[in-house]
Amino acid sequence: MKNINLITKLWQDIALMDTEIIKANWLNLGNFYGSETILGLSPLPKFLAPDIPDKTILTKKPAFKNLDIRGIQYLRVLVDSNYQTQEVIEWAETIMRFLEINLTVLKVKCKNKFGSIHTGKTFMLELTAFMMDCHYAWNDLRFLNIVLKLMDLHWLYSFDGAVKLKPGQKDTLHIDYLQFRLLIMREAALKKLTNGSINA
Amino acid sequence: MHKVIVFSPNRYSLYSTTVSAMLIRKGVSIQSIYVRNLINLKRFVGEYRRDGSRLIKKIWNKLILKEASNQNFDNIRIFRKENEIFITDLFEFNAKFGIPVIPCNDLNEPTVVDGLKNLHPDLVVFTGGGLIRQDVLDHSGHGVMNCHMGILPNYRGMDVVEWPILERHPEMIGITVHFMKKGVDTGDILNILNIPPMKDETIPALRNRIEPIMCQTIVDTCMDYLEGKVPKIPQKLSEGKQYFKMHTLLQENAKVILSRGSHAK
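Residues numbered from 1 in each chain as written. Chains lettered and ligands numbered in written order. Predicted model: local features only at pLDDT ≥ 70, side-chain atom pairs only at ≥ 80, totals over all residues. Heavy atoms only, no water.

### Looking at the side chain of N108 of chain B
Residue and element names in this part refer to chain B.
Right, on to step 1. One can find N108 in the loop between β3 (101-104) and α6 (110-119).
Right, on to step 2. A polar contact is formed between the side chain of N108 and the backbone oxygen of L131, at a distance of 2.8 Å.
Right, on to step 3. Among residues more than four places away in sequence, those in contact with N108 are V113, L131, I132, R133 and V136. (Helix = DSSP H or I, 4+ residues; strand = E, 2+ residues; numbered from the N terminus. Polar contact = N/O pair within 3.5 Å; in protein donor to acceptor, adjacent residues only side chain to side chain. Contact = heavy atoms within 4.5 Å.)

In structure tokens, the structure reads:
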């Protein structure tokens, strides 16, 4: 639990944020699947899941190449709503398999797909958050496994809490929110596992 | 006489040499042994993509240390001694029994497929060497038989000794003899053996205990199948999941769970 002080500090920052900002960043700040309780942090206000206008993702064949940020966000909303259609599970399984097999070449694949490493990083962090949501929603440790591997990639996850979680440059903040979310949920998942409260 | 071909990941594999020797003792005619070359850049790159830095450790343990590694948990060496199996290099099968031992870079390459087409084996016994493609499967007689260190269909893939411990399903540790199919560990099942951990047993010790059981089980199942005593049972894939290499943090958790004896629900 070496990160608990950092998490506590950042959590306090979020608690001071305007509710509109939390609402606007619902996918990253609106629902931590109870990890805040596991870490002993006071819960934030709850908001309804946002409406994602582009719902075409479920009509596509599950594949990394068919996925974009809006698609991932829609899948995350579906996971949160406990809307476990076979399609969502298939997407999650396919993406996890892809990430596992291509872990060492993901940076190149992202660069090829997006042309810029910054967009690629945002996309991959969204994907990591999707995997993390799947772990919490379905209590499936295989998804935590891939999240841990992704968070070991220095080009992808490098959050040290130095950037304050306050409104400002939008792009950078989105990445910070995602990284903070992953940090808190990873710590909580590992704590839960160590305490022996996960039964698959 | 039953005709079998053996696939091997490397010429010094204890598993391959043990299984081959046991098959010969059972009266099986080994038509040839295909063995992957040790020094092969494509293989190294492929395995590095899969295993990352763990590959270096694997190479060090398996090829450099050989006899020195795992001395405390040396069940397969004891098993070999008890069964008087002294061959340590697959090429000795050529010298002693005249069995062609054919090196290849990949078990899917055309020379292997051609060899299978010419020899028409009853089946192929797989003792490691990567994924097998459809054209190899298509020319392997009844199929390519593998012994998976995990219970199918529940635990497909990798580290499936650790995963049931982490998920608190120790009763789901064991081995499965099955025919290979295009998907990972998805082919018809022939034999399942549950091997739950013993009191105070560590994961490396458990894995070590399983190794000789795998040798014995794949040989026995192979003989039973060839004699028509074992049916093929199709897998219900929906009953299982595919697992991947376990992250070190989860491995540590699995170790702790096992040592605490809290792996049982």
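### Quick word on the sheet that holds strand β1 (residues 3-8) of chain B
Residue and element names in this part refer to chain B.
Right, on to step 1. Ordered in space as β3-β2-β1-β4-β5-β7-β8, the seven strands form an open sheet in which the pairing is mixed. Of all the strands in the sheet, the pair left with one neighbour each is β3 and β8 (189-194). Pairs of neighbouring strands in the sheet enclose a mean axial angle of 20 degrees, with direction left out of account.
Right, on to step 2. Summarising the sheet, strand β7 (residues 174-179) and β8 pair through five bridges and their orientation is antiparallel. Bridging from a neighbouring strand, T176 pairs with I192 of β8.
Right, on to step 3. Contacts from α6 reach β1, β2 (29-36), β3 and β4 (123-126), with the element oriented near 175 degrees to β2.
Right, on to step 4. The sheet contacts of helix α9 (residues 203-226) involve β1, β4, β5 (144-148), β7 and β8, and relative to β7 the element is tilted by about 35 degrees. (Pairing = 2+ DSSP bridges. Axes fitted to C-alpha atoms, helices over the stretch in contact; angles between N-to-C directions.)

### Section: the environment of V177 of chain B
Residue and element names in this part refer to chain B.
Right, on to step 1. Note on placement: V177 falls in strand β7.
Right, on to step 2. Look at V177 and you get buried, because its relative accessible area is 1%.
Right, on to step 3. Along the primary structure V177 and M145 are separated by 32 residues, whereas in three dimensions their C-alpha atoms are 7.0 Å apart.
Right, on to step 4. For V177, the contacting residues outside a window of four places in its chain are M145, N146, C147, I189, L190, N191, T217, I218 and T221. (Buried < 20%, exposed > 50% of the residue type's maximum accessible area, 1.4 Å probe, protein only.)

### Digging into the confidence of the model for chain A
Right, on to step 1. Residues of chain A with pLDDT of at least 70 account for 90%, and the chain-wide mean is 85.
Right, on to step 2. When pLDDT is averaged over each element of chain A, helix α9 (residues 141-151) of chain A comes out on top at 97 and helix α2 (residues 19-24) of chain A at the bottom at 79. (pLDDT = per-residue confidence, 0-100.)

### Some remarks on the pattern of salt bridges
All names here are of chain A.
Right, on to step 1. For the structure shown, the criterion picks out 19 salt bridges over all chains.
Right, on to step 2. When the shortest N-O distance is used, the salt bridge between R76 and E126 registers 2.9 Å. Of the two residues, R76 sits in helix α5 (residues 69-80) while E126 sits in helix α8 (residues 117-138), which places them 50 residues apart along the sequence.
Right, on to step 3. Across the salt bridge formed by R76 and D133, the nearest N and O atoms sit 2.8 Å from each other. In this pair, R76 is assigned in helix α5 and D133 in helix α8, connecting sequence segments 57 residues apart.
Right, on to step 4. By relative accessible area, D133 is classed as buried at 1%.
Right, on to step 5. Ionic contacts of the salt-bridge type, sharing partners, join the residues R76, E126, D133 and R181 into one network. (Salt bridge = Lys/Arg side-chain N within 4 Å of Asp/Glu carboxyl O.)

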